[in-house]
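Coordinate inspection notes
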Number of protein chains: 2
Amino acid sequence: MSVIDELVKNNEAFAAGFDHERQPPSQPARRVAIVACMDARLDPYEVVGLTIGDAHVIRNAGGVITDDEIRSLAISQHLLGTEEIMLIHHTDCGMLNVSNEEFHQLLEAQAGQRPPWHTMSFSDLEEDVRDSIWRIKESPFIPKTDSVRGFIYDIATGRLEEVT
Amino acid sequence: MSVIDELVKNNEAFAAGFDHERQPPSQPARRVAIVACMDARLDPYEVVGLTIGDAHVIRNAGGVITDDEIRSLAISQHLLGTEEIMLIHHTDCGMLNVSNEEFHQLLEAQAGQRPPWHTMSFSDLEEDVRDSIWRIKESPFIPKTDSVRGFIYDIATGRLEEVT
């Protein structure tokens, strides 16, 4: 049995207990979009106390801002009414342990070619949060940037620290 | 008090109850990466019964595969040992309600320019899941593609249906 088979089995139990009366609208109730790292140790719902219907949650390796996060945030604000953006990076991030050149070399060795994208790894966590905030504020496609704030989640303590 | 302020306050309660003894490794225990839509009504942890430390979770508008998801999946497999990929799209997705041309026109009207990226909206949910699977399998940078499977989450019933 593969892991995905087990997850599908878990879903049967979830669906059996599903509250069919509870149908939140597609517009996030808290009008906030979270952009967080994909890290397995970070569950944004638990970390900031979100529940179903509250927020858009966008995640990738590092919680960085590329064109695809701008796309998602533009859709979130223009089509679904969110107004605040909360970035969550974290301590002990895998993106701190590899350089763009190292990862490109690894891919070249294993895949026979270098990727067309930058690895988006970083050496300074706070600087990377500031860079992510800057990328959002610079984008002409994100209309509401008064409340774009960045945080570092401490994997060892569960605590968020704001980067100012 | 902004919504982000409230979420930071929620985090204080979370951190106060944080189990400092429980430190899962950065490698996902279930060796699986989930790629899901950012939709506020879809919490992948609940839907497939994941817990902290289990899986990478990658999310964007639609749960689609662009260069940034390939980047995240390449890092997930090459650097952090995941082997399976589970895609979760869903019914009533906002990406079904807008065309690329419509969204580009809206951005042109509000931002004065068209974005350099495609909106990645779609008109057929199952076809889009198949397209996403195909994009992963075609990529030279994702080494393990034997177990790439796509599902549609039914917002009204809580149930996952596999797209074959």
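The coordinates are above.
This one's a predicted model, so the numbers in the text were calculated from it and none came from an experiment.

1. Concerning the packing of aromatic side chains
Counting across every chain of the model gives seven aromatic pairs over all chains. A centroid spacing of 5.8 Å and a plane angle of 70° characterise the contact between Phe14 of chain A and Phe18 of chain A, whose relative ring orientation is edge-to-face. On the numbers, 6.4 Å between centres and 35° between planes, the contact of Phe103 of chain A with Trp117 of chain A is tilted. Pair noted here: Phe103 of chain A is in helix H4 (residues 100–111) and Trp117 of chain A is in the loop between H4 and helix H5 (125–138), with a separation of 14 residues, a long-range link. Of the two residues examined, Phe103 of chain A and Trp117 of chain A, each falls in the buried class. In textbook terms, an aromatic cluster arises when at least three aromatic residues are bridged by ring pairs, as seen for Phe103 and Trp117 of chain A together with Phe141 of chain B.

2. Observations regarding the relation of the copies chain B and chain A
When chain B is brought onto chain A, the operation consists of a screw motion whose angular component is 180° and whose axial shift is 0.0 Å, with 0.0 Å RMSD remaining. Read as a symmetry element, the transformation amounts to a two-fold axis. Of the C-alpha atoms belonging to chain B, the one lying closest to the rotation axis is found on Arg59 of chain B, 2.4 Å away. Looking at chain B, 100% of its interface residues are interface residues in chain A too, so the copies touch through the same face.

3. Here we look at the interface of chain B and chain A
Contacts between the two partners involve 88 residues from chain B, matched on the other side by 88 residues from chain A. Between chain B and chain A, roughly 7400 Å² of surface is buried when both sides are summed, and carbon and sulfur atoms account for 62% of that area. Here chain B and chain A share four salt bridges between them. Two residues, Arg30 of chain B and Glu6 of chain A, come together in a salt bridge whose shortest N-O distance is 2.5 Å. Counting every contact that joins chain B to chain A gives 41 residue pairs in polar contact (both at pLDDT 80 or more). Every element with two or more residues in the side of chain B that touches chain A is listed here: helix H1 (3–16), strand E1 (32–37), helix H2 (44–48), strand E2 (55–60), helix H3 (67–80), strand E3 (84–90), helix H4 (100–111) and strand E4 (148–153) of chain B. Residues of the side of chain B that touches chain A, tallied by class, amount to 49 nonpolar, 21 polar and 18 charged.

4. Things to note about unusual backbone geometry
Excluding glycine, a negative phi dihedral is what most residues carry, and trans is how most peptide bonds are arranged. Phi at Arg31 of chain A is positive, roughly 50°, even though this residue is not glycine. Non-glycine residue Met120 of chain B carries a positive phi angle of around 65°. With respect to the element layout, Met120 of chain B can be found in the loop between H4 and helix H5 (125–138).

Calculation criteria
- Residues numbered from 1 in each chain as written.
- Chains lettered and ligands numbered in written order.
- Predicted model: local features only at pLDDT ≥ 70, side-chain atom pairs only at ≥ 80, totals over all residues.
- Heavy atoms only, no water.
- Phe/Tyr/Trp six-rings, centres within 6.5 Å; stacked < 30°, edge-to-face > 60°.
- Helix = DSSP H or I, 4+ residues; strand = E, 2+ residues; numbered from the N terminus.
- Buried < 20%, exposed > 50% of the residue type's maximum accessible area, 1.4 Å probe, protein only.
- Least-squares fit on C-alpha atoms with pLDDT ≥ 70 in both.
- Contact = heavy atoms within 4.5 Å.
- Buried area = accessible area lost by both parts, 1.4 Å probe.
- Salt bridge = Lys/Arg side-chain N within 4 Å of Asp/Glu carboxyl O.
- Polar contact = N/O pair within 3.5 Å; in protein donor to acceptor, adjacent residues only side chain to side chain.
- Nonpolar A, V, L, I, M, F, W, Y, C, P; charged D, E, K, R; others polar.

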